[in-house]
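One letter stands for each residue in the lines below.
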There are 2 protein chains.
Amino acid sequence: MKVPVKTIEWLGDRVRLIDQTRLPKEESYLELKDHRAVAAAIRDMQVRGAPAIGVAAAYGIALGALEINTSSRDEFLSRLEKVIETIAATRPTARNLFMAAERMKKAASAPGSVTALKKRLMAEAISIHAAEEAATREISRLGASLINKGDTVLTHCNAGPLATAGYGTALGIIIEAHRQGKGIRVLVDETRPRLQGARLTTWELKAAGVPFRLITDSMAGHFMQRGEVNCVIVGADRIARNGDTANKIGTYTVAVLAYAHQIPFYVAAPFTTFDRNIATGAEIPSEERCAGEVTRIEGQAIAPEGIEVCNPAFDVTPHKYITAIITERGIIREPFGEGIGEVQKIKKSR
Amino acid sequence: MKVPVKTIEWLGDRVRLIDQTRLPKEESYLELKDHRAVAAAIRDMQVRGAPAIGVAAAYGIALGALEINTSSRDEFLSRLEKVIETIAATRPTARNLFMAAERMKKAASAPGSVTALKKRLMAEAISIHAAEEAATREISRLGASLINKGDTVLTHCNAGPLATAGYGTALGIIIEAHRQGKGIRVLVDETRPRLQGARLTTWELKAAGVPFRLITDSMAGHFMQRGEVNCVIVGADRIARNGDTANKIGTYTVAVLAYAHQIPFYVAAPFTTFDRNIATGAEIPSEERCAGEVTRIEGQAIAPEGIEVCNPAFDVTPHKYITAIITERGIIREPFGEGIGEVQKIKKSR
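Residues numbered from 1 in each chain as written. Chains lettered and ligands numbered in written order. Predicted model: local features only at pLDDT ≥ 70, side-chain atom pairs only at ≥ 80, totals over all residues. Heavy atoms only, no water.

J.: Account for the overall build of chain A, naming residues and giving values.
T.: When you go through chain A residue by residue, the secondary structure sums to 12 helices and 15 strands. Against the globule reference of 20 Å for 350 residues, chain A gives a C-alpha radius of gyration of 20 Å, in line with a compact fold. Projected onto the principal axes, the alpha-carbon positions of chain A cover approximately 65 × 55 × 40 Å. Looking at chain A residue by residue over its 350 residues, the buried ones come to 64%. When contacts within chain A are restricted to residue pairs at least 6 apart in sequence, long-range pairs at least 24 apart make up 75% of them. Here chain A contributes 46 positive and 40 negative side-chain charges, whose respective centroids are spaced 5 Å apart. (Helix = DSSP H or I, 4+ residues; strand = E, 2+ residues; numbered from the N terminus. Rg over C-alpha atoms; globule rule 2.2 N^0.38 Å. Buried < 20%, exposed > 50% of the residue type's maximum accessible area, 1.4 Å probe, protein only. Contact = heavy atoms within 4.5 Å. Lys, Arg positive; Asp, Glu negative; His and termini not counted. Charge placed at Lys NZ, Arg CZ, Asp CG, Glu CD.)

J.: I'd love a proper account of the pairing of strand β4 (residues 152-155) of chain A, names of residues and values included.
T.: Residues and elements named next belong to chain A. Here β4 shows two buried faces, one formed by T152 and L154 and the other by V153 and T155. Pairing of β4 with strand β5 (residues 185-189), which is carried by four bridges, proceeds in the parallel orientation. Bridged to L154 within β5 is L187. Judged from the two bridges that link them, β4 and strand β7 (residues 231-234) form a sheet pairing that is parallel. Bridge pairing in β7 links L154 to V232. (Pairing = 2+ DSSP bridges.)

J.: Which residues make up the pattern of salt bridges, and what values do they have?
T.: For the coordinates displayed, the defined rule picks out 44 salt bridges over all chains. For the salt bridge of E228(A) with R226(A), the shortest nitrogen-to-oxygen distance reads 2.9 Å. The class of E228(A) is partly exposed, set by a relative accessible area of 24%. For the salt bridge of E342(B) with K345(B), the shortest nitrogen-to-oxygen distance reads 3.3 Å. Of this pair, E342(B) and K345(B) both sit in helix α12 (residues 336-349), three residues apart, which is roughly one turn of the helix. (Salt bridge = Lys/Arg side-chain N within 4 Å of Asp/Glu carboxyl O.)

J.: Outline the nonpolar core, listing residues and values.
T.: Formed by 134 residues in total, the largest nonpolar core has its most connected members in V232(A), I233(A), V232(B) and I233(B). Each residue touching V232(A), except ones within four places of it in the same chain, is listed here: L154(A), M224(A), V254(A), A258(A), I263(A), P264(A), F265(A) and Y266(A). Of all hydrophobic cores here, the second largest spans 44 residues; its members include A41(A), L63(A), F98(A) and A107(A). (Core = buried A, V, L, I, M, F, W, Y, C linked by side-chain atoms within 4.5 Å.)

J.: Give a description of the confidence of the model for chain A that names residues and reports values.
T.: Taken as a whole, chain A shows an average pLDDT of 95; of its residues, 98% reach a score of 70 or greater. Across the predicted assembly, pTM comes out at 0.95 and ipTM at 0.95. (pLDDT = per-residue confidence, 0-100.)

J.: Run through the interface of chain A and chain B, naming residues and quoting values.
T.: Listed as interface residues are 52 residues of chain A and, on the opposing side, 52 residues of chain B. Taken together, both faces of the contact between chain A and chain B bury some 4200 Å²; the carbon and sulfur share is 66%. Interface area lost by chain A to chain B is led by S218(A), I302(A) and C310(A), which between them contribute 14%. For the pair chain A and chain B, the interface holds two salt bridges. Among the ionic pairs, R192(B) bridges to E190(A), the shortest N-O distance being 2.6 Å. The tally of links from chain A across to chain B stands at 19 residue pairs in polar contact (both at pLDDT 80 or more). Listing elements by their share of the side of chain A that touches chain B, those giving two or more residues are α8 (196-208), β6 (212-215), α9 (220-225), α10 (251-260), α11 (292-295), β12 (300-301) and β13 (314-317) of chain A. (Buried area = accessible area lost by both parts, 1.4 Å probe. Polar contact = N/O pair within 3.5 Å; in protein donor to acceptor, adjacent residues only side chain to side chain.)

J.: Tell me about the relation of the copies chain A and chain B, residues and numbers included.
T.: When chain A is fitted onto chain B, the two copies agree to an RMSD of 0.0 Å after a turn of 180° and an axial shift of 0.0 Å. Look at the turn and shift together and you get a two-fold axis relating the two. Residue by residue, 100% of the interface of chain A is reproduced at the interface of chain B, so both copies engage with the same surface. (Least-squares fit on C-alpha atoms with pLDDT ≥ 70 in both.)

J.: Tell me what's going on with helix α7 (residues 170-179) of chain A, and back it up with residues and numbers.
T.: All names here are of chain A. Extensive coverage of α7 is indicated by the burial of eight of its 10 residues. A170, L171, G172, I173, I174, I175, E176 and A177 are the residues of α7 that are buried. In the stretch just after α7, G181 is the one whose phi turns positive, near 80°.

J.: Summarise the sheet that holds strand β1 (residues 8-10) of chain B; cite the residues concerned and give the values.
T.: Residue and element names in this part refer to chain B. With antiparallel pairing, the three strands of this open sheet are ordered in space as β1-β2-β3. Strand pairing shows two members of the sheet lacking a second neighbour, β1 and β3 (29-32), which therefore form its edges. Adjacent strand axes in the sheet meet at a mean angle of 20° when their direction is disregarded. As judged from the three bridges shared by β1 and strand β2 (residues 15-18), these two strands associate in the antiparallel manner. Bridge assignment links I8 to a residue of β2, and that residue is L17. (Axes fitted to C-alpha atoms, helices over the stretch in contact; angles between N-to-C directions.)

J.: Which residues make up helix α4 (residues 95-108) of chain A, and what are the values?
T.: All names here are of chain A. Between its terminal C-alpha atoms α4 stretches 20 Å, which fits the 20 Å expected from 14 residues at 1.5 Å a residue. Judged by how many residues are buried, α4 sits mostly within the fold: 10 of 14 residues are covered. Along α4, the residues classified as buried are R95, N96, L97, F98, M99, A100, A101, M104, A107 and A108. For α4, the elements touching its buried residues are α2 (50-67), α3 (73-88), α5 (114-144) and β8 (238-239). (Expected span 1.5 Å × (residues − 1).)

J.: Describe in detail the environment of P51(B), supporting the description with residues and values.
T.: Residue and element names in this part refer to chain B. Residue position: P51 is located in helix α2 (residues 50-67). Put simply, P51 and H129 are 78 residues apart on the chain and 8.9 Å apart in space, counted from C-alpha to C-alpha. Beyond its immediate sequence surroundings of up to four residues, P51 is in contact with N96, E132, A163, T164 and P270.

J.: I'd like a rundown of the side chain of D275(B), residues and numbers included.
T.: All names here are of chain B. By secondary structure assignment, the location of D275 is in the loop between β10 (265-268) and α11 (292-295). A polar contact is formed between the side chain of D275 and the side chain of R238, at a distance of 2.7 Å. Among the polar contacts listed, one links the side chain of D275 to the backbone nitrogen of N277, at a separation of 2.9 Å. For D275, the contacting residues outside a window of four places in its chain are R95, R238, I239, A240 and R241.

J.: Can you break down the sheet that holds strand β9 (residues 245-248) of chain B residue by residue, with the values?
T.: Residue and element names in this part refer to chain B. With antiparallel pairing, the three strands of this open sheet are ordered in space as β8-β9-β13. Looking along the sheet, the strands with just one partner apiece sit at the ends: β8 (238-239) and β13 (314-317). Summarising the sheet, β9 and β13 pair through four bridges and their orientation is antiparallel. Looking across to β13, one finds that K248 is bridged to F314.

J.: Go over the packing of helix α7 (residues 170-179) of chain B against helix α8 (residues 196-208) of chain B, please, and point to the residues and values.
T.: All names here are of chain B. Viewed as axis vectors pointing N to C, α7 and α8 meet at an angle of 20°, and their least axial separation amounts to 11 Å. Regarding the angle of α7 to α8, the classification is roughly parallel. Our pair here, α7 against α8, has a crossing hand that is right-handed. Every residue of α8 that contacts α7 at L171, I174, I175 and H178 is listed here: T201, E204, L205 and A208. (Parallel < 35°, antiparallel > 145°, perpendicular 65-115°, else oblique. Left-handed = near helix turned anticlockwise from the far one by under 90°.)

J.: Tell me what's going on with unusual backbone geometry, and back it up with residues and numbers.
T.: Residue and element names in this part refer to chain A. Between L23 and the following residue, P24, the backbone shows a cis peptide bond with an omega angle of 5°. With respect to the helices and strands, the residue P24 is situated in the loop between β2 (15-18) and β3 (29-32). The residue after R192, namely P193, is reached through a cis peptide bond having omega 5°. Here P193 is to be found in the loop between β5 and α8.

As structure tokens, then:
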């Protein structure tokens, strides 16, 4: 098993990112030299997908640390605080972003000189990246056991290597099941408004040689009604203590459809996506993005000028619609609250 | 009440159509002088919406009749048969197309000279158009009684004046409820792949001054979950004897969502949309359209080249998801089979 694409790469004094907004037309890379450039790349979704955002944020904070030119520890920490704030303010929903920010902050609280702290922060970012990569490899392996021979799997948005800076969560499982010779097929929701399914998931499945068909989001129900979907797997941006899951807008619709057709609906996410501070999905902050994402596609207007638009980037799927959550520490089923607690203990006892 | 846009106009020796593929960017009209041009306009969706397709088909057949240069009644009828076949072969789902073809065929079976038959066919097409216009006016009036003050109504695809060559069905009701001062708001599904919601429904609601917000199809569930949708109204392409309804792809998904959230789901359609020959929705033929409608938007590629795509143009909503069907002869509720039969008798006793 090898990571199919270098979504994010640390080059010692800069970060290299594949520009996800230009795929599939163009495979181009950005080299970012300061934390503000990383913040902009997250905000503009040149890097997206909760785990990848977490990794980019960690490297962005490491870059921000390198930018601070002082030998005073106090001044360093005060300026680092501002760097972390800038990175954390880019997008509100993905838990991994805040998890990375917290880990980097904690790393900076260790004793030592500014030079030592800078090294420590770099090492911490590299470690966050390595952990996400390892987690997605394990998720892929564990999740593949839930896929049966000949299954047609429906997925929404993109939770592949691009989204995770590793093997992928939902797509990691799909690619692993394919690699195991299960003869699966995939239905890819295009995922308006940003079309991550049409642009990124198709690109990744094509590269991995997995047979797939692209559909519009509005077709998911139709193919379930015809009995042509065996299970659904999606990623997650944040998971509450009770299992309620925020993910790309449209996920809730797919979950309700799967429930109505008695089709298993799986969420795949590394443990960094769980938010222990949040009891239910009602507390997860969402993001309203700009109207132009809906009214224009590839720069072309598809609606009259100046109309009112809604553009929530995420929705919340209540845990009752979720058959299981696939994490790197095990597959969790109802009651999710207990399962998540149990799996959290695994880490503590390690 | 006045028809807001002349979707289709008969000019004595040609048909004038608004080109629905160019809206909302451009309000341009086509003047079609022969039946093949009308067939192409239906096939390419320059005219679309089941009732409007029916009216265009009737005029197309009338044009085809005018094209036949013979005084032999037998030759005329034999060549007219081919004209009707060409028109009927354009699209498979909309019942109104076949209803119009049947009515024109019956009109041609009356006694009389070729000249008399040509006049008769023109008169019949004009009468089909007038009947559709009258039916949509009555549907708008009847349906508006189901909308409560302050409601937010969700609609999918376009069932407005453009789709009906009259006042509209789903959108006729919405516009009439607005005109009655009910203070309603509309959520408009963009309706991929052809974006009739984003392009046409917004254009029509804007012209009518009805407050609305455009959403992607994937957002419908989210707004229902938040309690922000009071009812759904859609049009129909064909309705079976038991009430099962074929309509634009994505309608079924909206119906399942409405059912799960206990939100009334209304279908609005003139009686020409009912197919007495079909017991259930399973018998309704659907249409698979070209992959390019999914992989390209406004000529821009949104997915990798050469991938496999599904593009069914319609889905079927089983009657159990439908709260009521609004026709020009009354509002029909479960059991739909009986209701449709009762309403059919109204016509016969007239």
